[in-house]
Every structure is written in C-alpha cells, then in structure tokens.
Amino acid sequence: MTLTKESFHGALPPSSGEAKADMDGTSEKEEAPRQAVMRTGAAVPRRRAVGRLVMHSMAMFGREFCYAVEAAFVTPVLLSVGLPKNLYSLVWLISPILGFVLQPVVGSASDHCTCSWGRRRPYILGLGIIMLLGMALYLNGDVIISAFIDERNKQRTWAIVITMLGVVLFDFAADFIDGPIKAYLFDVCSHQDKEKGLHYHALFTGLGGALGYLTGAMDWGQTILGYTLVSEFQVIFFFAALVFIICLTVHLCSIPEVPLRYENEEAKFLLEVTEPHKYSSIEEEIKNGCLKSACTEIKAAAKPGKCAVASRTEEKRQMTLKSLLNTLSSMPSHYRYLCVSHLFGWMAFLSNMLFFTDFMGQVVYHGNPYAPHNSTLYLTYKTGVEMGCWGLCINAVASSVYSYLQKVLLPYIGLKGLYFIGYLLFGLGTGLIGLFPNVYSTLALCSLFGVMSSTLYTVPFHLIATYHREEESLKLQEGEQAGEHGRGKGIDCAALTCMVQLAQIILGVGLGLLVSAAGSAVTVISASTVALIGCCFVAFCVRYVD
C-alpha cells in the first residue's frame, strides 16, 4: 500500500464532535483492541492470525530441511570428488569467518534499508537465492564440470573447487538468514505474537530437520527419479530445492512489512487500521495526554509538516562503518552477557552434533572408519553412523515437541527457567552418554539434544524482544520518541546469530585437534562441560525482564 501525502492528510483523525459520536456508539468491549498505540509512544503492530505466523515460520522449515540434507550428504560428496584431508578444515572455517565479519554489517544495513518491499525481506530473498546456488553447486558440482571439461585431471580439480565453493556459499547464507528472519518477525508482530512466532519457528525447525534426515536416509537410487537423474545427489537436490522454494515463497508472502520511510508512528498506525472510525482512538489518546514524544500524534493534525521534516531527517541517517563499530562497542552489558551465554550454548551443541555419528560408529559400536571397506570393523562403523542419523532424527522431533511444551512451561518458570533447564538437561544428557555409551540409552538421551536446540532458537531472541520493549518504555518516561536513537533489531539479532559462527570458528580450530588426540569420546564430554558452564552463566549473569 502506498501512502501519499494526500491520503495521509485525508486519514487524519476526525473532529472532536465526530470522534465523540463514534466513541459513544461503540461498546467498551470493542474499544479495547482499538488502542493500537502503546504507552511507549510507538504504534503496536496488530495481532497476527495463527495462519500468518505459521506461514512466517515456513522459512525455518525449509532452511532446516536443507541443513539436514547437507549434514547427511556433504561429507560423502566431498569424499567423492577427492577433496584432500588437509582442506577439510578450510571448508568449515571460511563460511563462519565470513559470517562473523559480515553479519553485523548486513544486520545494520537492513535496519536502514528503504526498499518499498520492506527492510528485511529483500535480504531474506537474496540469502535464499545464495542458499539455492550453494546447494546446487555442492550437490551437482561434478556433473556440471563433466559437462564442460573432458580432461580427467582438470575435472577433478574444478570439481573440488566448485564443491568447496558450494559448501561455503550454502553454510554462509543458511547461517546468515536466521538474523533477518528474526528481525522481520520482531518488526511486524506485537509482543505476544513475537512469543508465539518464536515457538512456531522452533516447532517448524524441528519438523524440517526431521523430514530432511528421513529424506537423506532413504535409498533414492532404486526409485524412478533415481533412474531418471544422474545420481542420488541430484534426486536429493530436486527435493531440497523444491521444498525450500515453496517455504521461502510462503514466508515472504506471510506478513507485509511497512517500508522504513513510512515507519514513523502516525503512518504505521494508519497503514495498520482498516476501519475509519478507529482513528478516533488516536484523538482520544491525544485529549488524555498519553502521547508525549517530540513529534507525536499530538501535533500530527496541527503540524503535519514538522513531522514530515523529522521523518525525512531520520531517513537521511546513513549507516557508516564508524557508526556500526560504535553500536557494537557500546552494546549494553546485558546484551553482551546474552551473546556470551549464546556462544556457550552453541559451542556445546555443535561440538556434540558435528561428531555425533562418528561417536556412535567408533565409541558405541566399536567400529573403525579407517579399516578396509569390506571388513567387519568398517561395516560395524557404518551401522553405527546410520544409527547416529536416527538419533539426530529423534533430536529434531524432540525439538518440535519441546517447542510446544515451552508455551505451557513459560507462565510457570519464566524465561530464566526455560534457559536454565535447556542447558542443564543437555549437559547432563551428553555427560551420561559419554560415561555410559550404550546404544539404547544414547538414542533415548538424544531427545535432550532437541531440548537444547529448541532453547537456542527461541529463548535468546525472546530476551532480545523484551530488552527492546523495556527500552521503548524507558524512552517514553524520559520524554523521547520511541525508536529515536534506539538500537536496531536487525543488528542485535545479527550480533546474537554471530555467536553461531564464532562457535564454529573456535570448534574448527580447537576441537579437531582434541579429536585427533583423544578420539570422538572427547566431543560429548567437552559438550557436557561447556553446557554446564553455560548453565551457571545463564543463571547468574544473564538479565531477565519481569
């Protein structure tokens, strides 16, 4: 919807007489939802239907589906193209380093984006396209190169390059896209809908991962598609690309964004409201003296030009590298502590997940991946790896179930209880797996991985939303306009998501050496130790808003 100057002035509140007549004819029950202006001085986005929140969560389903496909196939793909072992660490380090450096930049850029389509969706679409490109390259790299190059040595070299490039692009975009998705949710939803939306995100993340692991576990080579396409990798790419395109399209069409240039308080409210008589509630708020910010609805009718000038001035504020560094360096202590706790959580979670199938094969099943491929030791290892994939599937299903239970538990134990329980159960579960490596107990304890996964995808972002809400309330009390000179949601979500890349960098540098020295058993023990340290940090250092 385009808001012209004429339509804006035409949509201003009616005269007091007309407003009073409308107010008198409206029941008290109907008037409650019409108070679309918070006491913070900022307009509250209207409540979203459950269907819209589900549509918004489909991006997480598609992303996690593709993640699961990568987890199942990227190692076989890299082995099939002949990637040297000394380049493995390079593949896994390039993407998180790029993400750690660039994520805050793009997050801050999205806060200042003036695209008519909205602030977040252009970035989500761009990152989605990069995900598809990366997935196409690493699953089809050898086929693409074979179609253009005939010489075998050159084919091998270019297949390695293309496959590595695809893995880096996919990991970079898949990790990156989470920040804009969360910021998009925060921009267009009320505080209650943010809570629901985060729970739906966790639910569909688990479902997408479970379906992705099941898709990877099937033998597609014996199906019609397997015979029609060149290899099983092309079949998997077909399904993954189809699922992701559908999910991304549904997500982008879920909830419209208000462009930044219309996102001053008056314009945002008028875009949200559809019935003319609801505008009377603005005038009633003005008469009661509730709106106190410098260029608020009090002066909107009398001095629209002044508001327009203020809005244009705000628009002209451009992001510079200096302003970005200042924003990150001046991050309040409670934001910084939240980022550190998130780093502990992801270090623990990833150190377990990255080597879990290898742990099942070597420690639980006592197999050997370096034995001859026709030997009993290697076949035993392969059986353990397959059982590890089923454990990861249990983790994904448990994540979906727990995301629903979180809504039930939240009123009783609060965010602090949810955060603490997630880290504690994961730390105890991985510790028991390391001490007592049994097939059935390990599979049962995999459900606790899902508790941690759901916690990491919901609670930290929920806390970010409560911090922003508290800051808006404080600004009103100080007589400032809500959102003026405030921290952008995009850069805060990006800073939080950066901890995932930092955890990958730390693990890529240090954990590989530990595994080489002490074996896969060290991964679950280290995951348990880090999770329990994070548990103490969550309990004593992270700030919670009542």
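If you check an unreviewed UniProt entry, the protein appears there as Solute carrier family 45 member 2 from Catharus ustulatus.

Visitor: I would appreciate a short explanation of the pattern of salt bridges in the present structure.
Guide: A side chain of one charge can pair with a side chain of the opposite charge when the charged atoms of the two come close. Counted by the stated rule, this structure contains seven salt bridges. As a salt-bridge pair, E64 and R63 come within 3.8 Å of each other at their nearest N and O atoms. We note that E64, like R63, is buried. Residue D187 pairs with R119 through a salt bridge whose shortest N-O separation is 3.4 Å. With D187 in helix α8 (residues 178–188) and R119 in the loop between α5 (88–111) and α6 (121–148), this pair connects stretches of sequence that are 68 residues apart. An identical accessibility class is assigned to D187 and R119; each is buried.

Visitor: How should I be thinking about the packing of helix α17 (residues 356–364) against helix α18 (residues 376–435) in this particular structure?
Guide: Two numbers describe a pair of packed helices, the interaxial angle and the distance between the axes. In the contact formed by α17 and α18, the axes pass within 7 Å of each other and the chain directions differ by 130°. One way to sum up the angle between α17 and α18 is to call them oblique. When you trace α17 past α18, the crossing you get is right-handed. In contact with F356, T357, D358, F359, M360, G361 and Q362 of α17, α18 contributes Y381, G384, V385, M387, G388, C389, G391, L392 and I433.

Visitor: What should I look at first to understand the nonpolar core in this one?
Guide: Considering soluble globular proteins, one finds that nonpolar side chains tend to be buried as a cluster. Within the largest apolar cluster, 119 residues are counted, with the highest numbers of intra-cluster contacts made by M135, L139, Y419 and L463. With 16 residues, helix α19 (residues 439–477) is the largest single contributor of residues to this core. Look past the residues within four positions of Y419 in its chain and what remains in contact with it is L338, S341, H342, T455, V459, P460, L463, V538, V542 and Y544.

Visitor: Just checking my understanding: could you explain the side chain of H56 for this structure?
Guide: By the secondary structure assignment, H56 is in helix α4 (residues 50–80). Residue classification places H56 among the buried residues on the basis of a relative accessible area of 0%. Excluding residues within four positions of it along the chain, H56 makes contact with I181, Y184, L185, H201, H251, S254 and I255.

Visitor: Would you mind going over the environment of H342 with me for this structure?
Guide: On the secondary structure map, H342 appears in helix α16 (residues 333–353). Judged by relative accessible area, H342 falls into the buried class, the value being 1%. In sequence terms H342 and T497 are 155 residues apart; their C-alpha atoms lie 8.6 Å from each other. Ignoring any residue separated from it by four or fewer positions in sequence, one finds H342 in contact with Y419, Y423, L456, P460, L496 and M499.

Visitor: Would you explain the packing of aromatic side chains in this entry?
Guide: The description of two aromatic rings rests on the distance between their centres and on the angle between their planes. Scanning all chains against the criterion turns up 15 aromatic pairs. Here the aromatic residues W346, F349, F356, F426, F449 and Y457 are joined through ring pairs into a cluster of three or more. Above the ring of F461, the side-chain terminus of K182 is found at 4.8 Å from the ring centroid. Sitting above the plane of the Y200 ring, K407 keeps its charged end 5.0 Å from the centroid.

Rules of the game
- Residue positions within a chain follow its written sequence, with the count starting from 1.
- Local features are withheld for residues below a pLDDT of 70 in this predicted model, meaning they are given only at 70 or higher, and side-chain atom pairs are given and counted only at 80 or more; totals for whole chains, interfaces and linings count all residues.
- Side-chain figures throughout are based on the complete set of non-hydrogen atoms in the structure, without hydrogens or water.
- Salt bridge criterion: a side-chain nitrogen from Lys or Arg within 4 Å of a carboxyl oxygen from Asp or Glu.
- Note on exposure labels: buried denotes an accessible area under 20% of the residue type's maximum, exposed denotes more than 50%, and partly exposed covers the range between, all computed with a 1.4 Å probe on protein chains only.
- Helix and strand definitions here come from DSSP, where helices need a minimum of 4 consecutive H or I residues and strands a minimum of 2 consecutive E residues; each element is numbered from the N-terminal end.
- Lines fitted to C-alpha atoms define the axes, with helix axes restricted to the stretch in contact, and inter-axis angles between N-to-C directions lie between 0 and 180 degrees.
- Each angle receives one of four descriptions, namely roughly parallel if under 35 degrees, roughly antiparallel if over 145, roughly perpendicular if within 65 to 115, and oblique otherwise.
- Note on convention: the crossing is left-handed when the near helix lies turned anticlockwise from the far helix by less than a right angle, right-handed when the turn is clockwise.
- Residues are treated as being in contact if the distance between any of their heavy atoms lies within 4.5 Å.
- Residues belong to a common nonpolar core when they are buried Ala, Val, Leu, Ile, Met, Phe, Trp, Tyr or Cys residues joined through side-chain atoms within 4.5 Å.
- Here the aromatic set is Phe, Tyr and Trp, taking the six-membered ring for Trp, and pairing holds for ring centres within 6.5 Å; pairs whose planes are under 30 degrees apart are stacked, those over 60 apart are edge-to-face, and all others are tilted.
- Counting as a charge over the ring demands two things of the Lys NZ or Arg CZ atom: a distance within 6 Å of the ring centre and an angle within 35 degrees of the ring normal.

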